[in-house]
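Listed below are the residues making up each chain.
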Amino acid sequence: MMLDEYTSGIIRKVLAENPAKVIKDTSLIPSAVMVLFYQKENQHCILLNKRTDTVEHHKGEISFPGGRKDDEDPSLLDTALRETEEEMGIRIKDINVLGQIDDMPTNSNYLISAFVGTISYPYHFKPSDIEVAEIIEAPLSTLTDPEHFHFQIRMVGGQPLECPEFNYLGHRIWGATGRVLYNFIKLLNKVSDEEAHWRKN
């Protein structure tokens, strides 16, 4: 099932009240991802995938559907939607876009624009054999459990930086994906318990 209208409205509201921080840096390569949040049976899940060992970048890593902006893409949202369809087989018309979260620069000189959406469930995913080794439907309740989340201290630009890292079924969710995921969860945490139906499952 898709998020109910009330829950979708609450997420739209928190995203609108916390406008995405947009980074303007022409030295970085523009790209976009789609953070899909939906209800699967009695769990609210976030869709990720494990990349194959045959892709050009980030082989075997966990990521959101997304990729580099093509010249033909009218906007970065169009990039996120197109890449989600190409990688996961989710039709653009089936995605209800709820908003956008902060841009995220990466160590590989990409600039990720992250959009939030939802889909109806069950959904017949048709992942790309070339790009996707495994579909990961990670329950929010697991990702926010301290047993599955911690910070790693990494040196970035010669300075120590706390980097969020998640673990789900042995999958390590870190780097730019971990930071985007952490930013989304931080926004969800701004919602009161009364309004956050996803905490009541």
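Just above, that's the structure.
Keep in mind the model is a prediction, meaning the values are calculated, not measured.

### Digging into the nonpolar core
Stage number 1. Counting residues in each nonpolar core, the largest one holds 35 residues, and the members touching the most others are Ile11, Phe37, Ile46 and Trp198.
Stage number 2. Apart from the residues lying within four places of it in its own chain, the contact partners of Phe37 are Leu3, Ile11, His44, Cys45, Ile46, Gly117, Thr118, Leu140, Phe184, Leu188 and Trp198.
Stage number 3. If you look at the next biggest cluster of nonpolar residues, it comprises 17 residues, including Met34, Leu81, Ile90 and Ile95.

### Focus on the pairing of strand β9 (residues 159-168)
Stage number 1. Note: β9 against strand β10 (residues 171-173), three bridges, orientation antiparallel. Looking at the pairing, Phe166 lines up with Ile173 of β10.
Stage number 2. Between β9 and β10, which follow one another and run antiparallel, lie two residues, and Leu169 among them has a positive phi close to 50°.

### Some words on the side chain of Thr118
Stage number 1. Relative to the elements of secondary structure, Thr118 occurs in strand β6 (residues 110-118).
Stage number 2. From its side chain, Thr118 meets the backbone oxygen of Phe37 in a polar contact 2.7 Å long.

### As for the pattern of salt bridges
Stage number 1. Applying the stated rule across the entire model yields nine salt bridges.
Stage number 2. Across the pair Arg154 and Glu165 runs a salt bridge, and its minimum N-O distance is 3.3 Å. With Arg154 in strand β8 (residues 149-156) and Glu165 in strand β9, this pair connects stretches of sequence that are eleven residues apart.
Stage number 3. Accessibility expressed as a relative area gives 26% for Arg154, which makes it partly exposed.
Stage number 4. Residue Glu165 is classed as buried on the basis of its relative accessible area, which comes to 8%.
Stage number 5. Here the residues in one salt-bridge network are Asp70, Asp73, Arg82, Glu83 and Glu86, joined through shared partners.

### Re the packing of aromatic side chains
Stage number 1. A full pass over the atoms with the stated rule returns eight aromatic pairs.
Stage number 2. Geometrically, the ring pair formed by Phe37 and Trp198 is edge-to-face, given 6.1 Å between the ring centres and 80° between the ring planes. With Phe37 in strand β1 (residues 29-40) and Trp198 in the segment after α4 (175-188), this pair connects stretches of sequence that are 161 residues apart. Of the two residues, Phe37 and Trp198, neither departs from the other in class, the shared state being buried.
Stage number 3. Arranged with centres 5.2 Å apart and planes meeting at 75°, the rings of Phe149 and Phe151 form a pair that is edge-to-face.
Stage number 4. With relative accessibility at 32%, the residue Phe151 sits in the partly exposed group.
Stage number 5. When the ring centre of Trp174 is taken as origin, the NZ or CZ atom of Arg172, which lies over that ring, is 4.1 Å away.

Rules used in this analysis
- Residues numbered from 1 in each chain as written.
- Predicted model: local features only at pLDDT ≥ 70, side-chain atom pairs only at ≥ 80, totals over all residues.
- Heavy atoms only, no water.
- Core = buried A, V, L, I, M, F, W, Y, C linked by side-chain atoms within 4.5 Å.
- Buried < 20%, exposed > 50% of the residue type's maximum accessible area, 1.4 Å probe, protein only.
- Contact = heavy atoms within 4.5 Å.
- Pairing = 2+ DSSP bridges.
- Helix = DSSP H or I, 4+ residues; strand = E, 2+ residues; numbered from the N terminus.
- Polar contact = N/O pair within 3.5 Å; in protein donor to acceptor, adjacent residues only side chain to side chain.
- Salt bridge = Lys/Arg side-chain N within 4 Å of Asp/Glu carboxyl O.
- Phe/Tyr/Trp six-rings, centres within 6.5 Å; stacked < 30°, edge-to-face > 60°.
- Lys NZ or Arg CZ within 6 Å of the ring centre and 35° of its normal.

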